[in-house]
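Analysis of the macromolecular model
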Amino acid sequence: MLRIHKIILILILLTFGSNQSFAQHRRGGGMGNRPSPGIVGKVLDEVTGDPIQYANIMLHDRDTEAAITGTISNERGRFHISPVEPGNYFVTIKFMGYEELKIDSLSFTFATPMVMLGEVFIVQTNVEGESVVVERERTTMEYKIDKKVINVGQDITSSSGTAVEVLENVPSVTVDIEGNVELRGSSNFTVLIDNRPSILDGNEALQTIPASTIDNIEIITNPSAAYDPDGVSGIINIITKKSKLEGISGIANLNAGMLGQLGGDFLINYRNHKYTAYISARYQTRAYEGQDTGLSQTTVGDTLYYVGQFGNRRFEHGGYRLRTGLDFNISDKDVLGIKVSYGARGFNMSSENSFTEYTNYLATPFSSTSAALSERGGAYYDFGGNYEHQFSGPTHRLEVNGSYSIRRSDEQSKAEQFDNEGDKISGRITTEEGPTTRGRLEVKYEQPFANDGKLEAGYQFRQGLSADESGLQNWDPSSSKYVTVRPYDYNTEYKRNIQSLFSVISTNVGKLGVQGGFRAEYTFRNIAVIDSIEFEIDRWDYFPSLHLSYNITPTQKFMTSYSRRIRRPRGWYLEPFETWTDAYNVRTGNPGLLPQYINSFEGGYLKYFGKNMISVEVYTRETTNLVERVQSVYSENVILHSFENVGNSLSVGSELSVRMRPAERWDFNLMGNLYHYEINDQPASFVQNIESDNWSLRFNNNFTVNRFVKLQLNAMYNSASVTAQGEREAMFFLNAGARLNIIENKLSASVNIRDILDTGDHEFTSEGDGWYRYQYSDRTAPIFSAAIKYNFNNYRSKDWSGNGDDMNGDSGEGDDF
């Protein structure tokens, strides 16, 4: 209780001090909050009312039509051109995918040095070609001071898939053959869904979100102090589709594909001036199949043990979700919202393998077969609420958000080995079951001040509790049944509380944009294995952030940033229990893992030229206490898989992104990432000073055949890379898709083919003290799928950032401890 009192006191002092400084700022100078003389206004989308960032505003001489000066709109759509000499002018406003707007007859004199344009609305374009009408999509990618925003509306190749397939075409992100996602070379990132953490693990959450429900994706590689600091390489924020139209509107999707893929979802929205209500449902099941080939070698004394492997593998995941919510306008300045979700998800991995064992002393090999099945899943519930009060303006507000969630996560792994006659030689069943609860409360205050500045300050409380029962059963050949191994029966309790204070201040000084923030977090964590041992953390951590942007010209921008972050180990990284995946591989957690700390630096240059854009970014990421999956000798022929702090790592790289429209019916995105990666300060048992040069390339092409048909062709290459104990070989994918608008703005259908050339294989080699392992996985390809989408009552999506609901049905917290 004493700690809570201290935190509240600090928050009061922080907010009071900030208000005092802003009050002094307002009292100083004659202009106060008023902008300096010139032209001011705000650019908005005519249909949705959304602010348009990076609109190009140019001031022209009315007589000669020569361009005098200009600027671009900020993230709130606002712009300010200053100074302006006395004279007669007109203004043009341009933005890709919108009609050009001309505002004429602007006169400036010494007596009237300012023109207030107010809210200026621009219209999305329908550009007529020779014999077709080309409907413009929203800009594919937008750059903001602290994130990249990617519109997924044009992504046809992933339309029948999940968020994982969408991310294959997103800058800074790579996806491997199994659908595992990495952000700038790291699988340690945080997934947000409508600005809220998911209770599921990041990759699990991404695999359960249908692509058809995604409006846009925010890639935040250097988050500010206003965000949770969890995640090595940053944050992937999935913004889902919602509607702001009056009355009833909605969207429905169906999809199907090879290997048993089947899914569907719908969202119905009702809105009037007093409240907004919605209800939605989703069902999805997907699978991957392939063949595995492997060779492992272990050394015990002077004996070398070899195991050869060949077999088939199938991975399935799916689930369903129901959700509903209501936002009620209590008054013109107060909104109260509630939301409820219920769902279930399941993951299972099955394999059948043939094994051959031999040693340097055994000339005749021993052959066997293995069958393994791992199942994990359960139901989840989520309850959330939010309250927002507007003060004197739309950006002067108080927000309170809270959520409480319950998740069942029951897991069973069964691995059995048979001889050539089909008799069972050995078998193990590992079980784990128990509920996880998460609670989250955040209070945030925002106050605007001069020069489009803003203060954000808040308090956050996160609580997690998990109780797991684990067990092990071994096959007893004498009794022909499974027998419980009592010493491996465990009851484990996880408790974690995190309390945070944060403050972020942003302002503009001429062409310079500045955002600085600081976050202080107190963490208490306790892991108790009943009647055995406890692991406890009781500490404070501090996370500063700084973002700078400079508008060189109306079409050129420079950005740089710094942030400090943390990656807490996942709960199952810490579990000290053995789980057998087959007769030759066993995994266990490590409760002594330390959290990773990350210092991240970035710099970027952005230029628009006509309908095209190019950006170049450089970055450095330093990680201490690097956590990796590691392997070691468990016993003869058996490899132990676990987690360890393997030293410190450094990534230094550059990203290039080019968006061009070389022809009216063809546009493309070319994205490249080149970085140097090294691991230093490893424990003595590891290979020292590992390094590699890595690169990836993506080339996404969009072709508009006519107003009804669009085609897409995407290519992706990932170079080889290293870990603390091994090396992954390069991969290449080629995907294609087509979309047909059957009834314009109402009914559309799409088909896509993934991994057309069947080149998306996974090859990995690793070795350590007394062991060596080679693994090759060949996934079934190509994969065909199709989807159909229906909009009714002119449904249009709208990003309610900051006030969204979780399409995944989950909120609260991922189980990082």
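These numbers come from a predicted model, not from an experiment. (Residues numbered from 1 in each chain as written. Predicted model: local features only at pLDDT ≥ 70, side-chain atom pairs only at ≥ 80, totals over all residues. Heavy atoms only, no water.)

1. A look at the overall build of the protein chain
Heads up, the rule is: Secondary structure elements follow DSSP: runs of H or I of four or more residues count as helices, runs of E of two or more count as strands, with numbering from the N terminus. Burial classes: relative accessible area under 20% of the type maximum marks a residue as buried, over 50% as exposed, and values in between as partly exposed (1.4 Å probe, protein chains only). Two residues qualify as a contact provided that any one of their heavy atoms is within 4.5 Å of a heavy atom in the partner residue.
Each helix and strand in the protein chain was counted, giving 4 helices and 50 strands. Counting over 817 residues, the protein chain shows a buried share of 54%. Sequence separation of at least 24 residues holds for 67% of the intrachain contacts in the protein chain that already meet a minimum separation of 6.

2. Structural notes on the environment of Gly38
One can find Gly38 in strand 1 (residues 38-45). What makes Gly38 buried here is its relative accessible area of 0%. Residues Gly38 and Thr112, spaced 74 residues apart in sequence, show a C-alpha to C-alpha distance of 9.6 Å. Gly38 has contacts with Ile81, Ser82, Val84, Phe108, Pro113, Met114 and Val115, leaving out every residue within four places of it along the chain.

3. Considerations on a nonpolar patch on the surface
Our working definition: Grouping into patches uses exposed residues only, defined as over 30% relative accessible area, and leaves out salt-bridged ones; the cut-off is 9 Å for like charges and 5 Å for nonpolar side chains (Val, Leu, Ile, Met, Phe, Trp, Tyr). Note on areas: these come from Shrake-Rupley sampling with a 1.4 Å probe, and a residue is covered only by the protein chains present in the view. Any Lys or Arg side-chain nitrogen located within 4 Å of an Asp or Glu carboxyl oxygen qualifies as a salt bridge.
On the surface, a nonpolar cluster with roughly 890 Å² of combined accessible area is contributed by Ile248, Phe266, Ile268, Tyr270, Tyr275, Ile279, Leu326, Phe328, Ile330, Leu336 and Ile338. Contributing elements (two or more residues each) for the nonpolar patch: strand 19 (262-271), strand 20 (275-300), strand 21 (303-331) and strand 22 (334-359). With respect to the element layout, Ile248 can be found in strand 18 (residues 247-257). Look at Ile248 and you get partly exposed, because its relative accessible area is 46%.

4. Looking at the side chain of Glu446
Along the chain, Glu446 turns up in strand 27 (residues 435-449). When residues no more than four places from it in sequence are discounted, the contact partners of Glu446 are Thr395, His396, Arg397, Glu399, Lys454, Leu455 and Glu456.

5. Quick word on the pairing of strand 14 (residues 190-193)
To keep it simple, the criterion reads: A pair of strands counts as paired when DSSP detects no fewer than two bridges linking them.
Side-chain alternation along strand 14 places Thr190 and Leu192 on one buried face and Val191 and Ile193 on a second face that is also buried. Looking at chain direction, strand 14 and strand 15 (residues 196-197) are connected through 2 bridges and run antiparallel. In the sheet register, Ile193 faces strand 15, and the bridge partner there is Arg196.

6. Here's the deal with the confidence of the model for the protein chain
This is how it is decided: By definition, pLDDT measures how confident the predictor is in each residue, and it falls between 0 and 100.
In the predicted model, the protein chain carries a mean pLDDT of 81, and 84% of its residues have values of at least 70. Between residues 1-35, whose pLDDT stays under 50, and residues either more than four places distant or in other chains, the model counts 32 contacts. For the stretch residues 126-139, pLDDT sits under 50, and the model shows 38 contacts to residues farther than four places along the chain or on other chains.

7. Re the nonpolar core
Note on soluble globular proteins: their nonpolar side chains tend to be buried together. Cut-off, in case you're wondering: By nonpolar core is meant a set of buried Ala, Val, Leu, Ile, Met, Phe, Trp, Tyr and Cys residues that side-chain atoms within 4.5 Å join together.
Within the largest apolar cluster, 27 residues are counted, with the highest numbers of intra-cluster contacts made by Ile39, Val43, Ile57, Val91, Ile93, Leu106 and Leu117. Breaking this core down by element, the ones donating at least two residues are strand 1, strand 2 (56-61), strand 4 (78-81), strand 5 (87-94), strand 6 (101-108), strand 7 (114-122) and strand 36 (596-609). Sorting elements by how many residues they give to this core places strand 7 first, with 4 residues. Within the second largest apolar cluster, 22 residues are counted, among which are Ala163, Val164, Val181 and Phe189.

8. Observations regarding the sheet that holds strand 39 (residues 638-645)
Note the cut-off: Throughout, an axis means a line fitted to C-alpha atoms (over the contacting stretch in the case of helices), and angles, computed between N-to-C directions, take values from 0 to 180 degrees.
Ordered in space as 34-35-39-38, the 4 strands form an open sheet in which the pairing is mixed. Edge positions in the sheet fall to strand 34 (579-582) and strand 38 (627-635), since each has one partner strand and no second. In this sheet, adjacent strand axes meet at a mean angle of 30° when their direction is disregarded. With 3 bridges connecting them, strand 34 and strand 35 (residues 585-587) associate as antiparallel partners. When the sheet's bridge partners are listed, Thr579 is paired in strand 35 with Arg587.

9. Focus on the environment of Tyr776
By the element assignment, Tyr776 lies in strand 49 (residues 771-779). Look at Tyr776 and you get partly exposed, because its relative accessible area is 24%. Counting along the chain gives 11 residues from Tyr776 to Thr765, while the straight-line C-alpha distance between them is 8.8 Å.

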